[in-house]
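# Architecture at a glance
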Number of protein chains: 2
Amino acid sequence: MGATVTSRALAILGAFDGEHRSLSLTDLARRAGLPLATAHRLVGELQRWGALAREPNGEYVIGRRIWQLGLLAPVQSGLRQAASPFLHDLYGTTLATVHLAVRDGLQVLYVERLAGHVSVPVVSRVGSRLPMHATGVGKVLLAYAPEEVRMEVLQNLTRITAYTVTQPARLLEQLRRVRAEGYSTTGEEMSLGACSVAVPVRSGDTVVAALGMVVPDLRRQLPRLVSALQVAAHGIGRTLTGDPSIQWK
Amino acid sequence: MGATVTSRALAILGAFDGEHRSLSLTDLARRAGLPLATAHRLVGELQRWGALAREPNGEYVIGRRIWQLGLLAPVQSGLRQAASPFLHDLYGTTLATVHLAVRDGLQVLYVERLAGHVSVPVVSRVGSRLPMHATGVGKVLLAYAPEEVRMEVLQNLTRITAYTVTQPARLLEQLRRVRAEGYSTTGEEMSLGACSVAVPVRSGDTVVAALGMVVPDLRRQLPRLVSALQVAAHGIGRTLTGDPSIQWK
DNA sequence: GACGCTCCTTCCGCTCAGTGGAAGAAGAGT
DNA sequence: ACTCTTCTTCCACTGAGCGGAAGGAGCGTC
C-alpha cells in the first residue's frame, strides 16, 4: 500500500475528476482513502501553495497554480499549436463541434475541441478519454494503430448505445474501409442523436492524430464535411512536418 | 524554510515555468533547492503518478495528469465561457490573434487566446503572465486598476524592445487617453513586428478583463478593429452580468 | 584507452517529520 | 436544547524520509 507522503498528497489531487470538480474536506479524505486529520493537513499545504483553492462555500477545487502548470505540459503542444487555426477555420465553415484527438494506450484522448452552437449531445471534453471503437476519431486512430493495439481493443468492445459496433469482424471491416477511403464515420454509436466523421492527421507517413466533427445527421452533407476535414488535416500535417518536435512518447 | 515532504514535492513542480518547460534531474534539484538524492526520489514518485513525464532525452516535463487536472480548475471559468463565442466571432471577422486577459497582481494573466494564421510574433500564451506596461490588454487593465497598483507598476517600467514606454509620465498620459477613448494600442513595445489594440470588458461598472488583438500593423484598420472589439467586449459584459459567479478572488 | 567530467541511481542507519486517534469547535437541521 | 455532520487542533509515538557517500553510465579530450 502506498504510504509515502507524496503519494498521499497526490491521492488528494487525484480525487478530483470530471464529475467531481469541487469536493469537501470529508469527501476528499474519503476519496483519497486517508484519515480526516491527515487529509486536513495535506490539503492545507496544497492550498497554501496554490494547488488547491477554496470556494466561498468551503469546498476545495483545483487551484490556479495547477492550471498554469498544466498549460506547460507538452501534451501534444506542437500538435495543438499547429492545429489551432485550422480548427477555427473548420468551425467557421461548418459550425459543427470540432475535435482533435490522439491515441493514448487503448483509448482516445481529446486534446482540443471547439464546441458548436448546434445542440448535439457531445460527450467529449478536452482532457477526457473515450473508447476507440465508438467514436469517429477513435476509429481513425484504431485503423492506423499498431496491430497489437488493434487486437487488444477488439477483445473488449463494450456496448454503449444500441448502435455501438460490438462485433470484432464488423469493426475490422469498418477499419479496412477507413484505410481505403480516408475517413471514418459513426452513427449514434457513442450517444444517441450524434453522428461523427473523422480523418487522420499525418506528419510524413505516420498518423499522429485524428480530426473529427460531430453533427446531428450525416447523410446529406457527408462529402462536403469530409473534404473540409481533409483540407484542414492536410494543413495541420504540413505545419507539423515543419516542426521538429511532435510529442509522442 | 519549508521542510515538509509535500512542500518539497511542490517545490519540484514549481521549478517549471514558461522558460523552463523541461528540466534535467540536476536542474530540478537545484531549482527546487533540494539535495540530489532527495529530488531523485521525489521525482520518481511524481513520475510514477503521472505528474511528471520523462522525455526521450531524459529531461523531465510536466505530465499529462497535471494537464488533465488543470483543465478542471475553475480559473475564470465563468468569464471564459461567456467570452468564448465572442472570441470566435471576433476571430472570424478579423482573422487576427485574439486575447482575453485579466490582471493578476502587477501582471497580465492571459486566460484565453485564439491564434491566427498570420505570422505575427506573439509572445503571450494562455496561462502566461506578461508585464502590464508593454501590452495592449495590460494598458487597459492598468488604466482601470486601483491607484496603488498603477503607482507600483510605474516604478518599474522595464524596457523590452526599443519602443517600450519606460517613462512614467508618458505612460500615465497614455493611460489617461485609454480611459478617455475607450481603447489602448501598442506598437512593437513587447515584440518587434507586433502591434495590438485592446478594450476593457465591463461587468456592470467594474472592468473585469481586457480583450485584445495582435496584428502586424495598425494604421489603416484601427477604427474597424476597435469597433469590432468593443462590440465583442460589450457582448461579453452583457453575458457576464447575467451570470452570478464571476471568479475573481 | 585511460582520464576527467557531469549527470544519474542506489544504499543504509539515524532522526525528526508525519501520523492519526481523540477531543473540541462550529454550524445546520429538527 | 438536542443531535448530526463537518471542520480544526493537539500531541506523543514511530517508521518514513533524509541525504552523504559510493557506485554506475555516458561522453568528450588528450
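Counting of residues starts from 1 at the beginning of each chain's written sequence and follows it residue by residue. Chains carry letters from A onward and ligands carry numbers from 1 onward, assigned in written order. Side-chain atom pairs in this predicted model are given and counted only at pLDDT of 80 or more, local residue features only at pLDDT of at least 70, and totals for whole chains, interfaces and linings cover all residues. In computing side-chain properties, one takes all heavy atoms of the structure into account and sets aside hydrogens as well as water.

## Here we look at the pairing of strand E5 (residues 107–114) of chain B
All names here are of chain B. A pair of strands is labelled paired if DSSP reports no fewer than 2 bridges between them. Runs of H or I in DSSP of at least four residues are treated as helices and runs of E of at least two as strands, each being numbered from the N terminus. Pairing analysis gives seven bridges linking strand E4 (residues 97–104) to E5, with the strands arranged antiparallel. Within E5, the residue paired with Ala101 across the bridge is Tyr110. Where E4 folds back onto E5 in an antiparallel hairpin, the turn is made up of two residues, including Gly105, whose phi is positive at roughly 65°. By the bridge criterion, three bridges tie E5 to strand E6 (residues 129–131) in an arrangement that is antiparallel. Bridge pairing links Leu109 to Arg129 in E6.

## Digging into the protein's contact with DNA strand C
Around DNA strand C, the structure places 16 residues, and the nearest of them are Arg8(A), Arg41(A), Thr4(B), Val5(B) and Thr26(B). Within 4 Å of the protein, the contacting atoms of DNA strand C are 74% sugar and phosphate, with bases supplying the remainder. Definition of a polar contact: a pair of N or O atoms within 3.5 Å, with one able to donate and the other able to accept a hydrogen when the atoms are protein atoms, and with sequence-neighbouring residues admitted only if both atoms are side-chain atoms. One nitrogen or oxygen atom from the side chain of Arg8(A) is found 2.9 Å from a phosphate oxygen belonging to DNA strand C. The backbone of Val5(B) places a nitrogen or oxygen atom 2.4 Å from a phosphate oxygen of DNA strand C. Looking at the surface near DNA strand C, the elements that each hand over two or more residues are helix H1 (5–14) and helix H3 (36–49) of chain A together with helix H2 (25–32) and helix H3 (36–49) of chain B. Any residue with a non-hydrogen atom lying within 4 Å of a molecule or strand is treated as near it.

## What about the side chain of Thr164(B)?
The topology assignment puts Thr164(B) in the loop between helix H7 (147–154) and helix H8 (168–181). The criterion used for residue contact is that any of the two residues' heavy atoms lie within 4.5 Å. Contact partners of Thr164(B), with chain neighbours within four places excluded, come to His133(B), Ala134(B), Thr158(B), Arg159(B) and Glu189(B).

## Observations concerning the protein's contact with DNA strand D
Around DNA strand D, the surrounding shell holds 16 residues, and the nearest of these are Thr4(A), Val5(A), Thr26(A), Thr38(B) and Arg41(B). Sugar plus phosphate, as a fraction of atoms of DNA strand D within 4 Å of the protein: 77%. Leu25(A) places a main-chain nitrogen or oxygen 3.3 Å from a phosphate oxygen of DNA strand D. In the model, a phosphate oxygen of DNA strand D is placed 2.9 Å from a nitrogen or oxygen of the Arg8(B) side chain. Residue assignment for the surface near DNA strand D shows that the elements contributing at least two residues are helix H2 (25–32) and H3 of chain A together with helix H1 (5–14) and H3 of chain B. Gly is put with the polar residues, along with every residue not named as nonpolar or charged; the nonpolar set is Ala, Val, Leu, Ile, Met, Phe, Trp, Tyr, Cys and Pro, and the charged set is Asp, Glu, Lys and Arg. Along the lines of polarity and charge, the residues of the surface near DNA strand D split into eight nonpolar, five polar and three charged.

## Overview of the packing of H2(B) against H3(B)
When two helices pack together, their arrangement is given by the angle between the helix axes and the distance between those axes. Residue and element names in this part refer to chain B. One can describe the packing of H2 onto H3 by two numbers: an axis separation of 9 Å at closest approach and a directional angle of 110°. With respect to each other, H2 and H3 are oriented roughly perpendicular. Side by side, H2 and H3 meet where Leu25, Thr26, Leu28 and Ala29 of the first sit next to Leu36, Ala39, His40 and Val43 of the second. Residues belonging to the contact of H2 with H3 are distributed by class as follows: six nonpolar, two polar and no charged. Comment: axis = line fitted to C-alpha atoms, over the contacting stretch for helices; angle = value between 0 and 180 degrees taken between N-to-C directions. In this scheme, roughly parallel covers angles under 35 degrees and roughly antiparallel covers those over 145, while 65 to 115 is roughly perpendicular and the rest are oblique.

## Brief notes about the interface of chain B and chain A
Chain B puts 51 residues into the contact, and the matching count from chain A is 51 residues. The term buried area denotes the loss of accessible surface (1.4 Å probe radius) that occurs when two parts are joined, taken as the sum for both partners. Contact between chain B and chain A buries roughly 4,300 Å² in total, counting both sides, with carbon and sulfur atoms accounting for 64%. On the chain B side of the interface with chain A, the three residues burying the most area are Arg64(B), Trp67(B) and Leu72(B), jointly 19% of the side's total. Here, a salt bridge means any side-chain nitrogen of Lys or Arg that lies within 4 Å of a carboxyl oxygen of Asp or Glu. In this structure, the connection of chain B to chain A is made through two salt bridges. Counting across the interface, chain B meets chain A through seven residue pairs in polar contact (both at pLDDT 80 or more). Of all the secondary structure elements, the ones that give two or more residues to the side of chain B that touches chain A are H1, H3, strand E3 (60–62), helix H4 (64–70), helix H5 (77–94) and E5 of chain B. Of the residues in the side of chain B that touches chain A, the class split is 26 nonpolar, 14 polar and 11 charged.

## Re the domain arrangement of chain A
By convention here, the domain bounds are inherited from an automatic or database domain assignment. Here chain A is described as being made up of domain 1 (5–71) and domain 2 (73–242). Put simply, the middle of domain 1 of chain A and the middle of domain 2 of chain A, counted by C-alpha atoms, are 33 Å apart.

## What to know about the pairing of strand E7 (residues 184–187) of chain A
Residues and elements named next belong to chain A. Here the term buried applies to any residue with accessible area under 20% of the maximum for its type, exposed to any over 50%, and partly exposed to those in between, with areas from a 1.4 Å probe on protein chains only. Residues Ser184 and Thr186 line the buried face of E7, whereas the alternating positions Thr185 and Gly187 sit on a face that is not buried. With four bridges connecting them, E7 and strand E8 (residues 195–203) associate as antiparallel partners. Following the sheet pairing, Thr186 is matched in E8 by Ser196.

## Let's talk about the environment of Thr38(B)
Residue and element names in this part refer to chain B. Looking at the element boundaries, Thr38 is found in helix H3. Taking relative accessible area as the criterion, Thr38 reaches 15% and is therefore assigned buried. With 41 residues separating them along the chain, Thr38 and Leu79 place their C-alpha atoms 41 Å apart.

## A few points about the pattern of salt bridges
Think of it this way: side chains of opposite charge can pair up when their charged atoms draw near. Overall, the coordinates contain 18 salt bridges over all chains when judged by the stated rule. Across the pair Glu112(B) and Arg80(B) runs a salt bridge whose closest N-O atoms are separated by 3.5 Å. Remark: Arg80(B) occurs in helix H5 and Glu112(B) occurs in strand E5; sequence separation between them is 32 residues. What emerges from the salt-bridge pattern is a single network uniting Arg64(A), Asp104(B) and Arg129(B).

## Quick notes on the sheet that holds strand E9 (residues 206–215) of chain B
Adjacent strands of a sheet form backbone hydrogen bonds with each other and so pair up, either parallel or antiparallel. Residue and element names in this part refer to chain B. An order of E6-E5-E4-E9-E8-E7 is seen for the six strands of this open sheet, with the pairing classed as antiparallel. The open sheet has two edge strands, E6 and strand E7 (184–187), and neither has a second partner. Taking the axes of each pair of neighbouring strands and ignoring which way they run, one obtains an average angle of 35° across the sheet. Each of E4, E5, E7, strand E8 (195–203) and E9 is contacted by helix H6 (residues 136–143), which is oriented at about 160° to E9, the strand it contacts most.

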